Amino acid sequence: QVQMVESGGRSVQAGASLRLSCAASGRTFPTSTMGWFRQALGKEREFVAAIRWTAWSGETIFYADSVKGRFTMSRDPAKNTVYLQMDSLIPEDTAVYCCAQAPGYSGDYYYADKRYDYWGQGTQVTVSS
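Predicted, not measured: the structure shown is a model, and the values here were computed from it. (Residues numbered from 1 in each chain as written. Predicted model: local features only at pLDDT ≥ 70, side-chain atom pairs only at ≥ 80, totals over all residues. Heavy atoms only, no water.)

Caption draft 1: Spotlight on the overall build of the protein chain. Helix and strand counts for the protein chain stand at zero helices and eleven strands. Reading the protein chain from its N terminus to its C terminus gives the helix and strand order β-β-β-β-β-β-β-β-β-β-β. Here the C-alpha radius of gyration of the protein chain, 14 Å, is about what a compact globule of 129 residues would show, namely 14 Å. Taking all 129 residues of the protein chain together, 43% fall into the buried category. Relative to all contacts within the protein chain whose residues are 6 or more apart in sequence, the contacts with residues 24 or more apart total 58%. Of the roughly 6,900 Å² of accessible surface on the protein chain, 47% is carried by carbon and sulfur atoms. One finds the centroid of the 13 positive side-chain charges in the protein chain at a distance of 3 Å from the centroid of its 12 negative side-chain charges. (Helix = DSSP H or I, 4+ residues; strand = E, 2+ residues; numbered from the N terminus. Rg over C-alpha atoms; globule rule 2.2 N^0.38 Å. Buried < 20%, exposed > 50% of the residue type's maximum accessible area, 1.4 Å probe, protein only. Contact = heavy atoms within 4.5 Å. Areas by Shrake-Rupley, 256 points an atom, 1.4 Å probe, with all protein chains shown as cover. Lys, Arg positive; Asp, Glu negative; His and termini not counted. Charge placed at Lys NZ, Arg CZ, Asp CG, Glu CD.)

Here's what the structure looks like:
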């Protein structure tokens, strides 16, 4: 059982920055994919960003087109924690942001929520104009 806990969400004005954190319980897996998803009221859950790494290579980071250039994902293996730096926030970014993990997965479907085994409860981000 892996627990995922997000933090950092709050209400801000457009143009502000936030950094979300997601701490996973236990030790970092040698091979895994961790991602950020968001869901706004009345909309389906959508992919935001993901980090994929393997025991034999480095990490690769992927972003949705809607956040590319504004959001930056990173991770700290020692803390088993991933981050989402959110800059130039706009009202369309308002949503519940959830982190997820797919232990052992290093394929090309990092954007598909069905590939993830563990999910956090989410943290609310509200951006007002």
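Next comes the rest of the description.
Caption draft 2: The arrangement of the pairing of strand 8 (residues 81-86) in detail. Buried residues dominate strand 8, accounting for five of its six residues. With six bridges joining them, strand 3 (residues 18-24) and strand 8 adopt antiparallel strand pairing. Across the sheet, Ala23 pairs through a bridge with Thr81, a residue of strand 8. The pairing of strand 7 (residues 71-76) with strand 8 spans six bridges and is classified as antiparallel. Along strand 8, the bridge assignment pairs Arg75 with Val82. Connecting strand 7 to the next strand, strand 8, in antiparallel fashion are four residues, including Asn80 with a positive phi near 55°. (Pairing = 2+ DSSP bridges.)

Caption draft 3: Structural detail: the sheet that holds strand 8. The antiparallel open sheet is built from four strands, whose spatial order is 1-3-8-7. Since the sheet does not close on itself, it has two edges, and those belong to strand 1 (4-7) and strand 7, each with one partner. Taking each pair of neighbouring strands and ignoring which way they run, the sheet shows an average axis angle of 15°. (Axes fitted to C-alpha atoms, helices over the stretch in contact; angles between N-to-C directions.)

Caption draft 4: Layout of the state of the cysteines. Counted by the stated rule, this structure contains one disulfide. Across a sulfur-sulfur distance of 1.9 Å, Cys22 and Cys99 are joined as a disulfide pair. One disulfide, between Cys22 and Cys99, carries an S-S torsion of 60° and so falls in the right-handed class. With Cys22 in strand 3 and Cys99 in strand 9 (residues 95-103), this residue pair connects regions lying 77 residues apart in the sequence. In this structure Cys22 comes out as buried when scored by relative accessible area, which is 0%. (Disulfide = S-S within 2.5 Å.)

None of this, on its own, says anything about what the molecule does.
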